[in-house]
Amino acid sequence: MEALGKYFIFLGKLFVNRETFKTYFKLTVEEAISIGIKSIFLVSLVSFFMGAVTTIQTAYNLVNPLIPNYVISMVVRDMTILELAPTIIGVIYAGKVGSSMASGLGTMRITEQIDALEVMGINSTSYLVLPKILGSLLTYPILVVMAGVLNIVGGYLAGVLSGVITPHDFIYGIRFGFNEYTVTFALIKSFVFAFLVSSISSFKGYYTVGGSLEVGKASTAAVTSSVIAILLADYLLAQLLL
Amino acid sequence: MIRVENISKAFNGKEVLKDISGTFEKGKPNLIIGSSGTGKSVLLKCIVGLIKPDDGFVYYNTKEFTFASRNDKTEIRRQIGMLFQGGALFDSKTVEQNVMFPLDVLTKMPLNEKIDRVNFCLERVGLAGQNHKMPSEISGGMQKRVGIARAIVNHSKYLFCDEPNSGLDPQTSILIDDLILEITEEYNITTIVVTHDMNSVMGIGENILFLYEGRKLWEGTKDEIMNSGVKEFDDFVFANKVMQKLRK
């Protein structure tokens with residue numbers, strides 16, 4: 001409970017005694033580019049293969065001749081949009097970007113770089129963390145959309161090349177009974193997860209005490225806490241919004 | 001001028017600073033000395049506001065700092081330059097970007113003026129032409145000098161140095177001490193140096209405050225060191241063989 005209280009106080013500090021808009025704009029763009037470049041390869045790779053495997057495994061389980069083949073791509077589509085793209089990529093995002101944020105801030109803390117900012121009269125929380133959160137909020141939904149597309153492309157290629165579904169059936173299944181709200185839901189999830197991963201990871205890194213060993217611990221704790229938060233938020237959002 | 005009054009601080013029930021008072025004049029280096037673990041760095045952090053004391057006050061000229069509003073604190077802090085023990089340079093920025101950082105964030109100076117000011121400060125600390133090197137590409141002594149350049153770039157009125165000589169060879173230490181002394185006198189700023197290096201004490205100790213187990217036991221100048229009359233202070237000063245020979 002104490003850590004939770006400290007986390008909310010930490011969030012409150014983001015919005016007081018800020019620097020100029022121009023400063024934050026520049027930092028946010030830099031963070032967004034850095035986060036995007038850091039994640040794009042892994043997210044693409046995982047999404048593509050996740051889509052391919054989902055298609056093959058769904059086809060493997062749907063052996064009943066009464067079930068039309070296009071159901072395979074329907075299942076892949078809904079799994080991708082509702083869960084795989086926002087949530088699984090969220091877990092990967094926590095591992096890749098979250099740990100990097102925590103270790104970066106942790107290193108700044110133990111090498112007194114954060115103290116240097118404070119001494120200059122700069123609100124270090126706001127200066128260092130707000131751009132990371134804003135950068136994540138800008139980048140992560142784009143990554144989720146990209147992951148969704150690549151998931152379906154991976155599924156299409158795997159399904160067609162392995163012969164479990166025809167291109168026509170796959171496209172038909174993707175379009176059949178499509179509910180646009182699922183995309184809205186996925187985007188809402190992506191904003192929530194982006195905020196949780198970036199704020200929790202920054203919090204863990206910002207309050208690192210000790211030396212390099214503690215930076216490693218903070219990085220691990222950031223990933224663990226972010227993943228737990230993602231899973232809890234995933235459940236709550238599903239309950240509330242579906 | 002900086003004045004501290006009755007500063008006390010405890011961590012987890014252990015008193016680290018006990019009722020410390022003192023005045024740090026401008027235009028000459030003020031040294032806080034003592035053995036490791038006596039609370040020197042904690043006192044410095046209380047003065048710059050990185051740690052809030054449990055009791056006592058810190059005055060920058062006539063303005064009380066410890067319990068001042070956030071805006072008043074920020075106003076004072078923007079006149080502060082600090083050299084940290086490890087330099088605390090931003091790893092991802094070049095030497096030039098590090099030195100320019102306070103100007104980027106705290107001023108609206110045009111870029112060409114900022115570059116001129118950075119070049120002037122780098123030249124002042126003997127690092128002209130090193131603008132585009134990364135902190136990892138320069139030596140520890142050079143990192144300290146970049147730290148000094150960053151501390152003075154925004155025309156700071158107060159300069160704080162936390163163990164400026166730690167990890168440096170004697171020659172580089174003297175160079176850093178001389179630089180601190182020159183800058184203090186040249187710009188007539190209030191400088192506080194935390195150190196346990198007796199070379200620094202003898203070299204630039206115009207006003208020395210000795211801490212022992214969190215208490216101020218002695219205050220004076222480098223010329224008064226030989227006759228302090230305080231056993232704990234003598235034990236600290238003459239632990240060094242060179243100082244022992246000097247005494248004889």
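Quantities reported herein were computed from a predicted structural model and do not represent experimental measurements.

Q: Just checking my understanding: could you explain the domain arrangement of chain B for this structure?
A: The parts lose accessible area when they come together, and the size of an interface is often stated as this lost area. All names here are of chain B. Splitting chain B by domain gives domain 1 (2–79 + 157–247) and domain 2 (92–154). When each unit is reduced to the centre of its C-alpha atoms, the spacing between domain 1 and domain 2 is 25 Å. On the side of domain 2, 9 residues touch domain 1, which itself brings 10 residues to the contact. The leading source of residues in the side of domain 1 that touches domain 2 is helix α6 (residues 170–187), at 5 residues. Here the side of domain 1 that touches domain 2 is composed, by residue class, of 7 nonpolar, 2 polar and 1 charged.

Q: What's the story with the nonpolar core in this structure? I'm lost.
A: One broad rule of soluble globular proteins: the nonpolar side chains tend to lie buried together. All names here are of chain B. Core analysis: the largest hydrophobic core is formed by 115 residues, its most contacted members being Ile-32, Leu-43, Ile-47, Met-82, Val-99, Ala-149 and Phe-160. In this structure, this core is formed jointly by two domains, domain 1 (2–79 + 157–247) and domain 2 (92–154), each of which donates at least three residues. Apart from the residues within four sequence positions on either side, Ile-32 is in contact with Lys-40, Leu-43, Leu-44, Ile-192, Val-194, Leu-209 and Leu-211.

Q: How should I be thinking about the confidence of the model for chain A in this particular structure?
A: Atom-level detail of predicted coordinates should not be read off regions where pLDDT is low. Residues at a pLDDT of 70 or more form 100% of chain A, whose mean pLDDT is 92. Considering each helix and strand of chain A separately, the mean pLDDT is smallest for helix α1 (residues 2–13) of chain A, with a value of 88, and largest for helix α7 (residues 181–206) of chain A, with 96.

Q: Mind showing me how you'd approach the sheet that holds strand β7 (residues 158–162) of chain B here?
A: Residue and element names in this part refer to chain B. Taking strand neighbours across the sheet as the criterion, the 6 strands line up as β6-β7-β8-β3-β9-β10 in an open arrangement whose pairing is mixed. At either margin of the open sheet sits one strand with a lone partner, and together these are β6 (80–83) and β10 (215–220). Each strand axis lies, on average, 15 degrees off the axis of its neighbour in the sheet, ignoring direction. Strand direction decides the pairing type here: β7 and strand β8 (residues 190–195), joined by 5 bridges, are parallel. When the bridges of β8 are listed, Tyr-158 appears paired with Thr-190. Against the sheet, helix α5 (residues 140–152) makes contact with β6 and β7, and its axis sits at roughly 175 degrees relative to β6, the strand it touches most.

Q: Whenever I open this one, the sheet that holds strand β2 (residues 14–24) of chain B confuses me. Can you help?
A: Adjacent strands of a sheet form backbone hydrogen bonds with each other and so pair up, either parallel or antiparallel. Residue and element names in this part refer to chain B. Here 4 strands make up an open sheet; going across it, the order is β2-β1-β4-β5 and the pairing antiparallel. Among the strands making up the open sheet, the edge pair consists of β2 and β5 (63–64). Relative to β5, strand β4 (residues 55–60) is paired through 2 bridges, and the arrangement is antiparallel. The residue of β5 that forms the bridge with Tyr-59 is Glu-64. Taken strand by strand, helix α1 (residues 40–48) contacts β1 (2–11), β2 and β4, and its axis lies near 120 degrees from that of β1.

Q: I would appreciate a short explanation of unusual backbone geometry in the present structure.
A: Excluding glycine, a negative phi dihedral is what most residues carry, and trans is how most peptide bonds are arranged. Residues and elements named next belong to chain B. Phi angles above zero are rare outside glycine, and Ala-88 is one such case at about 55 degrees. Within the element layout of this structure, Ala-88 appears in the loop between β6 and α3 (95–106). Of note in this structure, Glu-213 is not a glycine but carries a positive phi near 45 degrees. Relative to the helices and strands, Glu-213 is located in the loop between β9 (207–212) and β10.

Q: Can you help me understand the interface of chain A and chain B in this one?
A: In this complex, chain A contributes 13 residues to the contact, which on the side of chain B involves 15 residues. Tallying contributions element by element places helix α4 (residues 113–119) of chain A first for the side of chain A that touches chain B, with 5 residues.

Q: Looking at this structure, I do not really get the confidence of the model for chain B. What am I missing?
A: Counting all residues, the mean pLDDT for chain B is 90, and 100% of those residues have values of 70 or more. Taken together, the chains of this predicted complex give a pTM of 0.87 and an interface ipTM of 0.87.

Q: When you look at helix α4 (residues 111–124) of chain B in this model, what are you seeing that I'm missing?
A: Because each turn of an α-helix spans 3.6 residues, side chains separated by three or four positions in sequence point in the same direction. All names here are of chain B. Taking 1.5 Å of rise per residue, the 14 residues of α4 would be expected to cover 20 Å, and the 20 Å separating its terminal C-alpha atoms lies within 8% of that figure. Among all positions of α4, only Arg-117, Val-118, Cys-121 and Leu-122 are buried. Along α4, the residues classed as buried sweep out an arc of 135 degrees about the axis, all on the same side. For α4, exposure combined with an orientation more than 90 degrees from the buried face picks out Asn-112, Glu-113, Asp-116 and Glu-123. Each element contacted by the buried residues of α4 is listed here: α3 and α5. Taken from the residues just after α4, Gly-126 is the one with a positive phi, measuring 75 degrees.

Conventions adopted
- Residues numbered from 1 in each chain as written.
- Chains lettered and ligands numbered in written order.
- Predicted model: local features only at pLDDT ≥ 70, side-chain atom pairs only at ≥ 80, totals over all residues.
- Domains from an automatic or database assignment.
- Contact = placed C-beta atoms within 7 Å.
- Helix = DSSP H or I, 4+ residues; strand = E, 2+ residues; numbered from the N terminus.
- Nonpolar A, V, L, I, M, F, W, Y, C, P; charged D, E, K, R; others polar.
- Core = buried A, V, L, I, M, F, W, Y, C linked by C-beta atoms within 7 Å.
- Buried ≥ 20, exposed ≤ 12 C-beta atoms within 10 Å, placed from the backbone.
- pLDDT = per-residue confidence, 0-100.
- Pairing = 2+ DSSP bridges.
- Axes fitted to C-alpha atoms, helices over the stretch in contact; angles between N-to-C directions.
- Expected span 1.5 Å × (residues − 1).
- Arc of directions from axis to C-beta.

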